Amino acid sequence: MSEFRDVAVVGPGVIETLAAGGVATVYEAAGRCGLLDVDLVQIVPGTRVAGVARTVRCGQDDNRAVHEAMTLVRPGDVLVLTMPEPAPVALIGELLASQAKVAGAAGLLVDAAVRDVDELRELGLPIWARWQRVRGATKRARGSLDVAVHVGGTTVNPGDVVVLDADGAVVVARGSAAEVAAATRSRIEKETRLRARLDAGEFSYDLHGMRAQDEPAG
């Protein structure tokens, strides 16, 4: 059952900035908070997304809630699929992922397994999962939609912003998304200037003042 409540809408500019920054930059800009500290398989290589979390807490080894969630997906959502205990059971395959793509989902984060991997890559919808396994789920437990879920030691609330790329995943609380986006822009600008100096032959050892700290004066 969905417990969704209208939440503050995160503006598209904020989403675009967080996506452009990527997981590592957003994580640093957020004060090293929000990391989903778990190994994830990037099913479609080269993808990077950010979007508002649509959370799903399935019954154990069951994906009935995922089928229900597909009826509620909005364009730009990142579906976050979880179970009480992560297990290598496939919550998503080609047919469910196709529904998410048609509905306009930005991507999927599956704290369980996916299957039909060749077909998922051909479909092109960005998906991250803990495992690739063919073991199927049951469809008996309704589960809960749009509730707080826990992934990799971090809580993801409905309406938070999830950022995903080859480095993994980070979540930004919706209430601080604009602030973190501003810090992300500043960090991108700073790193752009730093990159130009490194390309010109300077060293980070000097630019960060480490040489001056390590070598005695005189």
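Before going into details, it helps to say that this report is about the structure given with it. The numbers attached to residues start from 1 for each chain and follow its sequence in the written order. A pLDDT threshold of at least 70 governs which residues receive local features in this predicted model, and a stricter bar of 80 or more applies before side-chain atom pairs are shown or counted, although totals over entire chains, interfaces and linings include all residues. Only hydrogens and water are set aside; all other atoms, that is, all heavy atoms of the structure, feed into the side-chain values.

As for the overall build of the protein chain
A count of helices and strands for the protein chain gives 7 helices and 11 strands. Taking the principal axes of its C-alpha atoms as reference, the protein chain extends roughly 75 × 35 × 30 Å. Burial here depends on accessible area, computed with a 1.4 Å probe over protein chains only, as a share of the maximum for the residue type. Under 20% is buried, over 50% is exposed, and the range in between is partly exposed. Taking all 218 residues of the protein chain together, the buried fraction comes to 44%. Every helix listed is a DSSP run of H or I at least four residues long, and every strand listed is a run of E at least two residues long, numbered separately from the N terminus.

Some remarks on a negative patch on the surface
Taken together, the side chains of Glu94, Asp116, Asp118, Glu119 and Glu122 make up a negatively charged region of the molecular surface. Examining the composition of the negative patch, we find that 3 residues originate from one element, helix H4 (residues 117-123), more than from any other. Within the element layout of this structure, glutamate 122 appears in helix H4. Judged by relative accessible area, glutamate 122 falls into the exposed class, the value being 71%. Patch criteria: residues need more than 30% relative accessible area and no salt bridge. Like-charged residues are merged within 9 Å; nonpolar side chains of Val, Leu, Ile, Met, Phe, Trp and Tyr are merged within 5 Å. Areas reported here follow the Shrake-Rupley algorithm with a probe of radius 1.4 Å; residue values treat only the protein chains shown as occluding. Salt bridges, as used here, are contacts in which a Lys or Arg side-chain nitrogen is within 4 Å of a carboxyl oxygen on Asp or Glu. In this tally, Asp and Glu contribute negative charge and Lys and Arg positive charge; neither His nor the terminal groups of the chain are included. A charged residue contributes its charge at one atom only: NZ of Lys, CZ of Arg, CG of Asp or CD of Glu.

Side note on helix H1 (residues 12-29)
Residues separated by three or four positions in an α-helix point in the same direction, a consequence of the helix having 3.6 residues per turn. Here the expected length of a helix is defined as 1.5 Å per residue gap, with one fewer gap than residues. Its 18 residues place the ends of H1 only 19 Å apart at the C-alpha level, less than the 26 Å of an ideal helix rising 1.5 Å per residue. Note that the bend at a residue is defined as the angle between axes fitted to the seven residues ending at it and the seven residues starting at it. Approximately 110 degrees is the largest bend angle found in H1, and it occurs at glycine 22. Every residue pair with non-hydrogen atoms within 4.5 Å of one another is taken to be in contact. Looking at the buried residues of H1, the elements they touch are strand S2 (49-57), strand S10 (161-165), strand S11 (168-172) and helix H5 (177-199). Glycine 31 lies just past H1 and shows a positive phi near 80 degrees.

Thoughts on unusual backbone geometry
With phi around 60 degrees, arginine 32 is a residue other than glycine that occupies positive phi space. Classification of arginine 32 by relative accessible area gives exposed; the value is 57%. The backbone of aspartate 61 shows a phi angle near 60 degrees, a positive value even though the residue is not glycine. With respect to the helices and strands, the residue aspartate 61 is situated in the loop between S2 and helix H2 (64-69).

Some thoughts on the pattern of salt bridges
With the rule as written, the count across this model stands at 12 salt bridges. Between aspartate 61 and arginine 135 there is a salt bridge whose closest N-O contact spans 3.5 Å. Taken together, the residues aspartate 61 in the loop between S2 and H2 and arginine 135 in the loop between strand S6 (127-132) and strand S7 (144-145) connect sequence positions 74 residues apart. Owing to a relative accessible area of 22%, aspartate 61 belongs among the partly exposed residues under this scheme.

Overview of the side chain of arginine 54
Checked against the element boundaries, arginine 54 lands in strand S2. A polar contact is formed between the side chain of arginine 54 and the side chain of aspartate 146, at a distance of 2.8 Å. Polar contacts here mean pairs of N or O atoms no more than 3.5 Å apart (in protein, one a potential hydrogen donor and the other a potential acceptor; neighbouring residues in sequence count only if both atoms are side-chain atoms).

Remember that the coordinates give geometry; whether it matters functionally is a separate question.
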